[in-house]
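In case you want the letters, here they are:
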Amino acid sequence: MKPISIYVIALLFVFSTAFLAQAGSLAPLDNEDPYMTKTFTINTPGKVMVRTSGGSITVSGHNGNDVEVKMYVKKNGSSSWFSSDDDIEEALEEYDISIRQDGNTVYAEAERRGRNWGNNNLSISFVLEVPQDISADLNTSGGSINLSKVEGEHNVKTSGGSLNFDEITGYTEAHTSGGSINISQYDGVMKGNTSGGSIRANNSKGELNLHTSGGSIVLEDVSGNIDAHTSGGSIKAFVNDLDEYLTLKTSGGSINAVIPQGIGVDLNLSGNRVNTKLTNFTGQAEKNNIEGSMNGGGVPITLKTSGGSVNLDYHRMEASK
């Protein structure tokens, strides 16, 4: 079996470049005037709870104790955002809007009353600047969510957009039914699930538990405990350092993984074809299945696909630092 280092590294470079290009454009509404702005002062650690049924949510951390909430309003799918009461006063009468503080929790909520989906449908988005030491509970049924530069416990959910995380520390549960998940510079526990998009993680460490039913998974410069599953795409992973396990599974594509060289591992690899280089190996090796130990055994490495090949390569630890 031949090593595939040049092939795998080239693929990972292409996908990581695409990820960085996408991650660099996460902040929406930068050039727009908000319909409303409110500022609160809290003691940290604090919490923000944001709910909207038709727009995006952006939360980013800063030094200090102030929470600034900006609300943006757009009507009937227009490309223009309104900054005047007169433009949308009648339409807003059909919504319950609440931007308030209760102790160390700040709420930003926009919910339409009843099920009257007439001509006054609005897209209401929120942009928050918050202290870094804060937890976030974010939910929208009609847009993307962007969370950055905060630390705490986070619950993030959207039914119709992508989820984007950058420079996050802590514990996060993230779910989207109709978009991708993009993760950069994460440190902690991430449980991410999407029913209709790809997952990309870059320069992140901790416990990464990622699942998609309809897209590919790309993991670049990740460390720790990695468990990634997809039912409809390929998986590519460059792992800087391993902790207790690495599990990559797909039903509809190939798996290309690069792990540290020379460490003790227990291999469980299966696919239409398995390509790797075995050294100090004991166990069983066939063209479509490898089970056994290298270098005395150690970290469980499980790579399984029913719809493609498995390619496992190795890098020197010094090369990733």
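Procedures and definitions
- Residues numbered from 1 in each chain as written.
- Predicted model: local features only at pLDDT ≥ 70, side-chain atom pairs only at ≥ 80, totals over all residues.
- Heavy atoms only, no water.
- Helix = DSSP H or I, 4+ residues; strand = E, 2+ residues; numbered from the N terminus.
- Buried < 20%, exposed > 50% of the residue type's maximum accessible area, 1.4 Å probe, protein only.
- Contact = heavy atoms within 4.5 Å.
- Areas by Shrake-Rupley, 256 points an atom, 1.4 Å probe, with all protein chains shown as cover.
- Core = buried A, V, L, I, M, F, W, Y, C linked by side-chain atoms within 4.5 Å.
- Pairing = 2+ DSSP bridges.
- Salt bridge = Lys/Arg side-chain N within 4 Å of Asp/Glu carboxyl O.
- Phe/Tyr/Trp six-rings, centres within 6.5 Å; stacked < 30°, edge-to-face > 60°.
- Lys NZ or Arg CZ within 6 Å of the ring centre and 35° of its normal.
- pLDDT = per-residue confidence, 0-100.

(A) Broad picture of the overall build of the protein. In terms of regular secondary structure, the protein is built from two helices and 22 strands. A burial count over the protein gives 49% of its 321 residues as buried. Across the protein, every contact between residues at least 6 apart in sequence was considered, and the portion connecting residues at least 24 apart equals 49%. Split by element, the accessible area of the protein, about 14,200 Å² in all, is 41% carbon and sulfur.

(B) Main features of the side chain of Thr-250. If you trace the backbone, Thr-250 turns up in strand 15 (residues 235-250). In contact with Thr-250, not counting residues within four places along its chain, are Thr-230, Gly-233, Ile-235, Ile-255, Lys-304, Thr-305 and Ser-306.

(C) Representation of the side chain of Ser-60 within the structure. Topologically, Ser-60 is positioned in strand 3 (residues 57-62). Since its relative accessible area comes to 14%, Ser-60 is described here as buried. Excluding anything up to four places from it in sequence, Ser-60 contacts Leu-128, Glu-129, Val-130, Ser-148 and Val-150.

(D) The arrangement of the nonpolar core in detail. Counting 69 residues, the largest nonpolar core has Phe-126, Phe-165, Leu-219, Leu-248, Ile-301 and Leu-303 as its most contacted members. The greatest single-element share of this core, amounting to six residues, is contributed by strand 15. Sequence-distant contacts of Phe-165, that is, excluding residues within four places in its chain, are made with Leu-147, Val-156, Thr-172, Ala-174, Ile-181, Asn-182, Ile-183, Ser-184 and Met-190.

(E) Representation of the environment of Gly-178 within the structure. Mapped onto the elements, Gly-178 comes out in the loop between strand 11 (163-176) and strand 12 (181-194). On the accessibility criterion, Gly-178 (42% relative accessible area) is partly exposed. A sequence separation of 36 residues divides Gly-178 from Gly-142, and the C-alpha atoms of the two residues are 9.6 Å apart. Each residue touching Gly-178, except ones within four places of it in the same chain, is listed here: Ser-159, Gly-161 and Gly-196.

(F) Up close: the pairing of strand 12. The pairing of strand 11 with strand 12 spans 13 bridges and is parallel. Bridged to Glu-173 within strand 12 is Lys-191. Here strand 12 pairs with strand 13 (residues 199-212) via twelve bridges, running parallel. What sits directly across from Asn-182, in strand 13, is Arg-200.

(G) Just the pairing of strand 6 (residues 105-112), in detail. Across the eight residues that make up strand 6, a large majority, six, are buried. In the sheet, strand 2 (residues 46-52) pairs with strand 6 via six bridges, with the strands oriented parallel. Considered in strand 6, the bridge of Val-50 is made with Ala-108. Sheet topology places strand 5 (residues 95-102) next to strand 6; eight bridges connect them, and they run antiparallel. Directly across from Asp-96, in strand 6, lies its bridge partner Glu-111.

(H) Broad picture of the pattern of salt bridges. Enumeration over the complete set of coordinates arrives at four salt bridges. Its salt-bridge partner being Arg-51, residue Asp-137 comes within 3.1 Å of it at the nearest N-O pair. With Asp-137 in strand 8 (residues 134-140) and Arg-51 in strand 2, the pair connects residues that are 86 residues apart, well separated along the chain. Relative accessible area serves as the criterion here: at 15%, Asp-137 is assigned to the buried category. For Arg-51, a relative accessible area of 27% corresponds to the partly exposed category. In this structure, Asp-96 and Arg-113 form a salt bridge, with 2.8 Å as the shortest nitrogen-oxygen distance. With Asp-96 in strand 5 and Arg-113 in the loop between strand 6 and strand 7 (122-131), the pair connects residues that are 17 residues apart, well separated along the chain. A relative accessible area of 39% means that Asp-96 is categorised as partly exposed.

(I) Geometry of the packing of aromatic side chains. Per the counting criterion, the structure on display carries zero aromatic pairs. In this arrangement the basic side chain of Arg-100 is found over the ring face of Tyr-107, its NZ or CZ atom lying 4.1 Å from the centre.

(J) Focus on unusual backbone geometry. The omega torsion of the bond from Thr-44 to Pro-45 falls at 0°, within 30 degrees of zero and hence cis. Backbone geometry at Lys-149 places phi at a positive 60°, although glycine is not the residue there. Position of Lys-149 among the secondary structure elements: in the loop between strand 9 (145-148) and strand 10 (151-158). One non-glycine residue, Glu-167, lies in positive phi territory at about 55°. Looking at where Glu-167 falls in the secondary structure, it is placed in strand 11.

(K) Layout of the confidence of the model for the protein. Summarising the model, the protein shows a mean pLDDT of 87, and 83% of its residues fall at 70 or more. Low pLDDT (under 50) marks residues 1-27, which in the prediction has 42 contacts with non-local residues, meaning those over four places away or in another chain.

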